[in-house]
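Here are the chains, one letter per residue:
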Amino acid sequence: MVLAALSLTAACARDDEPAMRARLDQWFSLGESVGFSATQECAAGAFRLVDPSIKAAMPVTSGAGEMLLRLGQSGRAALDDRAQPPDAGLVALINRDRASGMQIRRAALEGRACMDDTVESAFRYALEEPRSTLAFDRDSGSLMILDPVTGVLVVSVGAR
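So, a few notes on the structure that sits alongside this text.

1. What to know about the overall build of the chain
Phase 1: Scanning the chain from terminus to terminus reveals 6 helices and 7 strands.
Phase 2: The N-to-C order of helical and strand elements in the chain reads α-α-β-β-β-α-β-α-α-α-β-β-β.
Phase 3: Taking 2.2 N^0.38 as the reference for a compact globule, 160 residues should give roughly 15 Å; the C-alpha atoms of the chain span a radius of gyration of 15 Å, in line with that estimate.
Phase 4: With respect to the three principal axes, the spread of C-alpha positions in the chain is 55 × 30 × 25 Å.
Phase 5: Expressed as a percentage of its 160 residues, the buried residues of the chain come to 46%.
Phase 6: Put simply, 56% of the contacts in the chain that link residues at least 6 apart link residues at least 24 apart.
Phase 7: Put simply, the chain shows about 7800 Å² of open surface, and 52% of that area lies on carbon and sulfur atoms.

2. Notes on the state of the cysteines
Phase 1: According to the stated counting rule, one finds 1 disulfide in the structure shown.
Phase 2: Across the disulfide, cysteine 42 is cross-linked to cysteine 114 (sulfur-sulfur distance 2.0 Å). Linking cysteine 42 and cysteine 114, the disulfide has an S-S dihedral of approximately 80° and is accordingly described as right-handed. With a gap of 72 residues between them, cysteine 42 in the loop between strand S1 (29-38) and strand S2 (43-51) and cysteine 114 in the loop between helix H5 (98-111) and helix H6 (117-128) connect regions that are remote in the sequence. Taken individually, cysteine 42 and cysteine 114 each receive the classification buried, so the pair is uniform in this respect.

3. Overview of the packing of helix H3 (residues 64-74) against helix H4 (residues 86-96)
Phase 1: With their axes 9 Å apart at the nearest point, H3 and H4 run at an angle of 70° to one another. Judged by the angle between their axes, H3 and H4 are roughly perpendicular. The two elements H3 and H4 cross, and the hand of that crossing is right-handed. Note on element contacts: H4 touches H3 through Ala92, Leu93 and Arg96, opposite Ala64, Gly65, Met67 and Leu68.
Phase 2: Of the residues contributing to the contact of H3 with H4, the split by class is 5 nonpolar, 1 polar and 1 charged.

4. Regarding the pairing of strand S7 (residues 152-157)
Phase 1: The element S7 is extensively covered by neighbouring structure, given that 6 of its 6 residues are classed as buried.
Phase 2: Alternating positions in S7 separate into two faces, Val152, Val154 and Ser156 on one and Leu153, Val155 and Val157 on the other, with burial throughout.
Phase 3: Two strands pair when backbone bridges link them, and S2 and S7 are joined in this way by 6 bridges, in the antiparallel orientation. Following the sheet pairing, alanine 46 is matched in S7 by valine 154.
Phase 4: Bridging between strand S6 (residues 142-147) and S7 involves 6 bridges; their strand directions are antiparallel. Its bridge partner being in S7, aspartate 147 is matched across the sheet by valine 152.

5. A word on the environment of arginine 106
Phase 1: Tracing the backbone through its elements, the reader meets arginine 106 in helix H5.
Phase 2: Spatially, the C-alpha atoms of arginine 106 and alanine 159 are 8.4 Å apart, while their sequence positions differ by 53 residues.

6. A few points about the sheet that holds S6
Phase 1: Taken in spatial order, the 7 strands line up as S1-S2-S7-S6-S5-S4-S3 in an open sheet, and their pairing is mixed. The two strands at the open ends of the sheet, each matched to only one other strand, are S1 and strand S3 (60-61).
Phase 2: Set on the sheet, H3 makes contact with S3, strand S4 (76-79) and strand S5 (133-137); between it and S4 the angle comes to about 165°.
Phase 3: Here H5 sits on the sheet and contacts S2, S5, S6 and S7; the angle it forms with S7, its principal contact strand, is near 100°.

Analysis parameters
Residues numbered from 1 in each chain as written. Predicted model: local features only at pLDDT ≥ 70, side-chain atom pairs only at ≥ 80, totals over all residues. Heavy atoms only, no water. Helix = DSSP H or I, 4+ residues; strand = E, 2+ residues; numbered from the N terminus. Rg over C-alpha atoms; globule rule 2.2 N^0.38 Å. Buried < 20%, exposed > 50% of the residue type's maximum accessible area, 1.4 Å probe, protein only. Contact = heavy atoms within 4.5 Å. Areas by Shrake-Rupley, 256 points an atom, 1.4 Å probe, with all protein chains shown as cover. Disulfide = S-S within 2.5 Å. Axes fitted to C-alpha atoms, helices over the stretch in contact; angles between N-to-C directions. Parallel < 35°, antiparallel > 145°, perpendicular 65-115°, else oblique. Left-handed = near helix turned anticlockwise from the far one by under 90°. Nonpolar A, V, L, I, M, F, W, Y, C, P; charged D, E, K, R; others polar. Pairing = 2+ DSSP bridges.

Now the structure itself:
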């Protein structure tokens, strides 16, 4: 009975850790997991980075307008704007294109329901750290924040 309940819970999960890691590995060099949780409505994880560089498969931009353009072209992009933290970058994205910006914001807000205290703390810190990079993948609905200061990548996925 316990095994049946566990398999039913896994089938209802939004994402699982191996699938999330496989997707993220295209863009980042991941080390050990700091935390991970998923339900049917959300998924969240934090991963140590082996290398804080972003791989070539993730287009890196320096402004909200450029990020929105790249999202339209490839479905994914990162915003590395050293003049402002990812939290302010998210506001700039919403101000430039409400629909896209709110899609990214929803991933952040809805994914928080799956964050334990450790992942939420890493998320909050990275969101306000000016050296952090905000990234988004439309296909998976994943918001990612790479924090080079702590060497952690935080991921938040909401309901689609």
